Amino acid sequence: MTTILVVGGAGYIGSHMVKMLLRTGYQVIVLDNLSGGYRDAVIGGDFVWADLADRPTLARLFKGYQFDGVMHFASFIEVGESVRHPGKYYQNNIANTLNLLDTMVKHDVNKFIFSSSAAIFGEPQYTPIDEQHIKHPINPYGRSKWLIEQILSDYDHAHQLKSICLRYFNAAGADPEGQLGERHSPETHLIPLVLRAASGQHSHITMFGQDYQTTDGTCVRDYVHVNDLCQAHLLSLEHLLSGANSAAYNLGNGQGFSVQQVIDVSQEVTGREIPVVIGERRPGDPAKLVADSKLAQQKLAWSPQYADLKTIISHAWQWETRCQNG
Ligand code: UFG
């Protein structure tokens, strides 16, 4: 059986990945420190509660299992926090990732899938953003992701460690079967916050700026379903296992939706009125981020199944209502 280590498998995207890998027939081992994830989100496989800073535990883990590949989802993801506490981001997202990579090299594990981000591009020079777009991250979070991408290229050269970097645009939605979903604490992402305003859990949603150079003045993003992201991981893994070279792909649907459109579709999906308060712009928010994912479609045969925003929001709503009913 092919054995995969999923680091950060108790988190939002990682937990959906674990489910998909198990369904596909892989043996799965999850490593997570539960700083942002939940033990009950890991629906199967072996679970190791540990931190990537703990090198002795990592060494024991790699001695205990013969991993065929590693997927790495464990990172801090809040842009604003990364500006206030860069050391926290560089320590976890870079230094701890190096511990993982060095342990892999030492134990001859050489297939790696990395969760990268659209944040590596910084302020877009053009949209849709393809893989060639200049990388000029404008915050420590984005810099941590871009630095690891470059380090991976060095590790390929030096140690033949093959990697695929997947640059997510706006991960959204939830398990179509309603078993898993997004549980960040604190929650900062638009869709879950809009849905909490719909359910009455929050009094309103604050719209961060209405004076952008977009059709309705609100920021435009490319929302991509969490299961479609996981599908891209699975295809990337299969690619590496069959001998493919290292690569990086942008993952989005190629279609942008404004904050206002997200609120409108959420009202339609939930049948509730969503109170909106217009707030200040959030520092560091580009007006428009939309992916060109043609490369992933060509090279990985990736074909998103849940590209429709209404479907993405419906799945997120199914999860949100389930959480509220305990
Ligand atoms: N927004 C609001 N109100 C809120 C929350 C968000 O108006 O309460 C707006 C934001 O200003 C932005 C859009 O909704 O225009 C989406 O915001 P999110 O916080 O949901 O997502 P981001 O686009 O800021 O961030 C995502 C990922 C990051 C990644 C970034 C890449 O979550 O990890 O894309 O640029 F870094």
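Use the structure listed above.
We now turn to the structure provided with this report. (Residues numbered from 1 in each chain as written. Predicted model: local features only at pLDDT ≥ 70, side-chain atom pairs only at ≥ 80, totals over all residues. Heavy atoms only, no water.)

**A few points about helix α5 (residues 140-159)**
Within an α-helix, residues lying three or four positions from one another point in the same direction, as the helix has 3.6 residues per turn. Relative to the 28 Å expected for 20 residues at 1.5 Å per residue, α5 spans 27 Å between its end C-alpha atoms, a close match to the ideal helical length. Within α5, the full set of buried residues consists of P140, Y141, G142, S144, K145, I148, E149, I151, L152, Y155 and D156. Buried residues belonging to α5 abut α3 (79-84), α4 (86-106), β5 (111-117), β6 (162-168) and β11 (247-251). Of the residues trailing α5, Q160 is marked for its positive phi of about 55°. (Helix = DSSP H or I, 4+ residues; strand = E, 2+ residues; numbered from the N terminus. Expected span 1.5 Å × (residues − 1). Buried < 20%, exposed > 50% of the residue type's maximum accessible area, 1.4 Å probe, protein only. Contact = heavy atoms within 4.5 Å.)

**Concerning the nonpolar core**
Ranked by size, the top nonpolar core spans 33 residues in total, and within it V6, I13, M17, L21, M71, L251 and W302 carry the most contacts. Mapped by element, the contributors of at least two residues to this core are β1 (3-7), α1 (12-24), β2 (27-32), β6, α7 (226-241) and β11. Sorting elements by how many residues they give to this core places α7 first, with eight residues. Excluding residues within four positions of it along the chain, W302 makes contact with V224, D228, Q231, A232, L235, L251, G252, S293, A296 and Q297. (Core = buried A, V, L, I, M, F, W, Y, C linked by side-chain atoms within 4.5 Å.)

**Topic: helix α6 (residues 190-199)**
Of all 10 residues in α6, 10 are buried; the element is thus mostly enclosed. Listed as buried for α6 are L190, I191, P192, L193, V194, L195, R196, A197, A198 and S199. If you follow the buried residues of α6, they end up packed against β7 (170-172), β8 (205-208), β10 (223-225), α8 (259-270) and α10 (309-324). G200 lies just past α6 and shows a positive phi near 95°.

**A short note on the pairing of strand β4 (residues 69-72)**
Here β4 shows a buried face lined by G69 and M71 and a second buried face lined by V70 and H72. With four bridges connecting them, β1 and β4 associate as parallel partners. In the sheet register, V6 faces β4, and the bridge partner there is M71. Pairing analysis gives three bridges linking β4 to β5, with the strands arranged parallel. When the bridges of β5 are listed, M71 appears paired with I113. (Pairing = 2+ DSSP bridges.)

**Brief notes about the site of the ligand**
In the vicinity of the ligand lie 21 residues, with H189, T206, R221, R282 and D285 positioned nearest. The contact in question runs from an oxygen atom of the ligand to an N or O atom on the side chain of N170, over 2.9 Å. Between the ligand and D285, the relevant distance is 2.5 Å, taken from an oxygen atom to a side-chain nitrogen or oxygen of the residue. Relative to its unbound accessible surface of 690 Å², the ligand loses 90% to contact with the protein. Within the residue set of the shell around the ligand, elements represented by two or more residues are α6 and β8. For the shell around the ligand, the element with the highest residue contribution is β8, accounting for four residues. Partitioned by chemical class, the residues of the shell around the ligand number 13 nonpolar, five polar and three charged. Here the shell around the ligand spans two domains, since at least three of its residues come from each of domain 1 (3-171 + 224-251) and domain 2 (174-222 + 254-324). (Near = heavy atom within 4 Å. Polar contact = N/O pair within 3.5 Å; in protein donor to acceptor, adjacent residues only side chain to side chain. Areas by Shrake-Rupley, 256 points an atom, 1.4 Å probe, with all protein chains shown as cover. Nonpolar A, V, L, I, M, F, W, Y, C, P; charged D, E, K, R; others polar. Domains from an automatic or database assignment.)

**Considerations on the sheet that holds strand β9 (residues 220-221)**
What the three strands build is an open sheet, ordered β12-β9-β14; its pairing is mixed. Unpaired on one side and paired on the other, β12 (257-258) and β14 (288-289) mark the two borders of the sheet.

Nothing here speaks to function; it is all geometry.
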